Amino acid sequence: MHIQPIVKETEQELLKIELYALHLHSPQQASSFIKLISIHFPLTDLSHLKRIKKTTELLDDNKNCINLYGLIAKTSDVKKEDLVNFLLQNFNNDNGQNFDSDYFNQRIIKISASKYPATDKKKFDIWKTLWPMNFHNDYQKHDIPLNDIEIQEIFSIMNKLKNLSVELNSSKNVGLIYDPKKKLTTLQTDLNSLTDSHPLNHCILQLINASAKNYVIKLQKSKVGDKRKGLDCESYLLKDMDVFVLKEPCIMCSMALVHSRVSRIFYVENTEEGGLEGLLKVHLVPSLNHHYRAFKLIYD
Amino acid sequence: MKEALKMAEEALNLGEVPVGAVFVNNLSKEIVGRGRNNTNSLKNATRHAEFEAIDEILKKQVAASEVEWKLLTVFVTVEPCVMCASALRQLGLSMVYFGCNNERFGGCGSVLSVHNCPSKFKELPCEGNYFKDEAILLLRKFYIKENEHAPNPTKKTNRLLKIEDLGNLKSVI
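Here the residue numbering is sequential within each chain, running from 1 through the sequence in written order. Chain A is the first chain written and ligand 1 is the first ligand written, with later ones labelled in order. Reporting of local features is limited, given that this is a predicted model, to residues whose pLDDT is at least 70; pairs of side-chain atoms are given and counted only at 80 or more, and all residues count toward the totals for whole chains, interfaces and linings. In computing side-chain properties, one takes all heavy atoms of the structure into account and sets aside hydrogens as well as water.

Enquirer: Could you give an account of helix α8 (residues 203-221) of chain A, with specific residues and numbers?
Expert: Numbered from the N terminus, helices here are DSSP runs of H or I no shorter than four residues, and strands are runs of E no shorter than two. What a helix is expected to span follows from its residue count: subtract one and scale by 1.5 Å. A rise of 1.5 Å per residue sets the reference length of α8 of chain A, with its 19 residues, at 27 Å; its end C-alpha atoms lie 27 Å apart and thus fit the reference within 8%. Partly exposed describes any residue whose relative accessible area lies between the buried limit of under 20% and the exposed limit of over 50%, with all areas from a 1.4 Å probe on protein chains only and scaled to the type maximum. By the burial criterion, the buried members of α8 of chain A are C203, I204, L205, Q206, L207, I208, S211, A212, Y215 and L219 of chain A.

What follows is the structure in C-alpha cells.
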C-alpha cells in the first residue's frame, strides 16, 4: 500500500520540444494574436510556457530593435501550410493593413522550448533562455513527502469512506470533508444526496454546497457581537481542509475545489473524464490563483 | 446579451461580482433561465451565474430529465470559468456566447480549453466579444469599490473608473 502524489511530469534534464512561432510586428498585433491563438491553440500540457517572447537587438546606429515572437503550436500537431491558411483567414488585418500568404510564410518560424516546467529556480533560469517560462514554487511544495503517521491516518479515513459506500449501497462516488488539524470528519455523503436528481449531482459539488449551507446557518446563529471576527476569514469554505473521495473528480469538480481553496484531495480510482490525472491537471495550472495537492491511494 | 448584462448589474448592486447569464430556448427564442453570481451571500464559491441559471431552470421542471439542454443557448457576460465550462459541456448545451474574456479562470480558451479538449462529451461551441466593453465596465465598477468581505480591505478612494479604452460601449449602464 502506498500513496502516489499527482504531479506534473517533470524532468531533471532539459528536454526540448519544437514549436511554431509567429514573428509579430507590433505590441498591438501581439495582443490580438494572444486573443485569437489562445482559443484555437490552447497550450494544455505546455502551460509553463509564455505565449510571447521579446528580444532586444542592438543595431549599428546604437538604436534598439525589439522583436516579438508569439507561440502557436507544436510542429508535431499542425502543418505549416495549415497555419498559414488559418492566419490568412483569421488574422490578416492590422489597422487596415492586409497580409498575404508570403507574409505568414516568412514570419512563421520554428523555435524550441522546454517540454517540461522547471522544478527549481536554477533550472528555470537556464531553461527560460530558450523560450520564456512561468515558474511556480508549487513544484517544490508538492515534493514534500507524507510521513508514516499521515499515511496511516489517510488509509484509515479512506477505509471509513469505503465502509460508508457499502452502507449506502450505491455505485455512485461518495466522499467526505476532513479537518486534518482537528482530526475530524466535518461532512460526508448521505442518502439524500445520492437520490438527488440534479444532473450535476457529483459528490464533491454536493459536499461544497452542504458545507456552505451549514456555514450560513452558523453565521445566522452567531449574528450577535462582531460578525466579521473569525468568521469572515473562513469564508473560503474548504481552506486547510482535505477531501476524500473514492473516484477521481471530473474537471468541473476539480475546479470547484480550486474555487473553494481546498488543501488536499485523496482518491482511489481514476476516472475517464478526471480533471487531475489527465492532461489538464486542474489542481496545478500555473495561472490559476490556488493550487492544491492531489494523491491517489494505491492498494497492492 | 442585454438581459445577461441586466443580471450582472443586479449582482453589482448586491455586492456580488457582476456576472450575469441567461439561457435561451433555440426554438421558441424565449429566456428559460436567468442567473447572476451569488457567491458572497451564499458563502459558496461555486455559485456562479451559470449554476444559478441552471438551478432556476431545474426548479421549474417536474423532473430533471425533462430539460433538453441541447436545445438551449447560453448568453453570459464573462467567459465561463473552468468549472462552468465543464458543467455546460457535460449537460450538452448547444452554444455559449460570452462578453469579455476571463483571464484568471476562463475555461473556454483563456486559462484552459475545457470546451474542446479530448472528452467523451460533445464539444461546446463558444464565441466571445459580445458587449465585451459593457461587461468589463461592470467588473471595473465592482473592483473599484472597497471589498467589505476581504479581511483587510484596501483603501481605494483614489481610484478612478477608467473608460477611455472602452470605445465600443453601445449603451450606458
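Anyway, onward from the coordinates.
Enquirer: Before we move on, can you summarise empty space enclosed by the protein with the specific residues and values?
Expert: Of the two site types, the cavity is a set of points on a 1 Å grid over the protein atoms alone where a 1.4 Å probe fits but cannot get out, and the pocket is an open set with protein on both sides within 12 Å along at least five of seven lines, each lined by residues with an atom within 4 Å of a point. Grid points are joined across faces, edges and corners, and a volume is the space filled by probe spheres set on the points. Evaluation of the coordinates by the stated rule reveals 3 cavities of 30 Å³ or more. If you add up the space inside the largest cavity, you get close to 80 Å³. In this structure, the largest cavity is lined by C250, I251 and E273 of chain A together with S86, R89, Q90, V114, C117, S119 and F121 of chain B. Of the residues that constitute the lining of the largest cavity, the class distribution is 5 nonpolar, 3 polar and 2 charged. Amino acids outside the nonpolar list (Ala, Val, Leu, Ile, Met, Phe, Trp, Tyr, Cys, Pro) and the charged list (Asp, Glu, Lys, Arg) are all regarded as polar, and Gly is one of them.

Enquirer: Help me get a handle on the packing of aromatic side chains, residues and values and all.
Expert: Two measures describe an aromatic ring pair: the distance that separates the ring centres and the angle between the ring planes. Residue and element names in this part refer to chain A. Working definition: rings of Phe, Tyr and Trp (its six-membered ring) pair if their centres are within 6.5 Å, and the pair is stacked with planes under 30 degrees apart, edge-to-face with planes over 60 apart, and tilted otherwise. A full pass over the atoms with the stated rule returns 13 aromatic pairs over all chains. Arranged with centres 5.3 Å apart and planes meeting at 90°, the rings of F41 and F86 form a pair that is edge-to-face. Within this pair, whereas F41 is found in the loop between α1 (27-40) and β3 (52-58), its partner F86 is found in helix α2 (residues 80-90), the two being separated by 45 residues in sequence. In this pair, the class of F41 matches that of F86, namely buried. When the centroid spacing of 5.1 Å and the interplanar angle of 35° are considered together, the rings of F124 and F135 count as tilted. Placement of F124 in helix α4 (residues 121-127) and of F135 in the loop between α4 and α5 (138-141) is noted, with a sequence separation of 11 residues between them.

Enquirer: So what's going on with the interface of chain A and chain B? Residues and values would help.
Expert: The contact rule is simple, with two residues in contact once any of their heavy atoms fall within 4.5 Å. Counting residues at the interface gives 35 residues for chain A, matched by 41 residues for chain B. By definition, the buried area sums, over both parts, the 1.4 Å-probe accessible area that each loses when the two are put together. Summed over both partners, the interface of chain A with chain B buries about 3,000 Å², with 65% contributed by carbon and sulfur atoms. Three residues, I39, H259 and E273 of chain A, lead the burial of chain A against chain B; their summed loss comes to 18% of the area buried on that side. Any Lys or Arg side-chain nitrogen found within 4 Å of a carboxyl oxygen on Asp or Glu counts as a salt bridge. Linking chain A with chain B are 0 salt bridges. Think of a polar contact as two N or O atoms within 3.5 Å of one another; within protein, one of them needs to be a possible hydrogen donor and the other a possible acceptor, and neighboring residues in sequence only count if both atoms come from side chains. The interface formed by chain A and chain B includes 5 residue pairs in polar contact (both at pLDDT 80 or more). Listed by contribution, the elements that provide at least two residues to the side of chain A that touches chain B are α1, α8 and α9 (251-259) of chain A. Among the elements that make up the side of chain A that touches chain B, the one with the highest residue count is α8 of chain A (7 residues).

Enquirer: With reference to specific residues and values, describe the layout of surface pockets.
Expert: The method is simple in principle: a probe with the dimensions of a water molecule rolls over the atoms, and the space it marks as empty is what remains. By volume, the second largest pocket is sized at about 840 Å³. Of all the secondary-structure elements, those providing two or more residues to the lining of the second largest pocket are β9 (184-188), α7 (191-195) and α8 of chain A together with α1 (2-13), β2 (31-36) and α3 (49-60) of chain B. No other element matches the 9 residues that α8 of chain A contributes to the lining of the second largest pocket. Split by residue class, the lining of the second largest pocket holds 12 nonpolar, 12 polar and 11 charged.

That is the geometry; function is a separate question.
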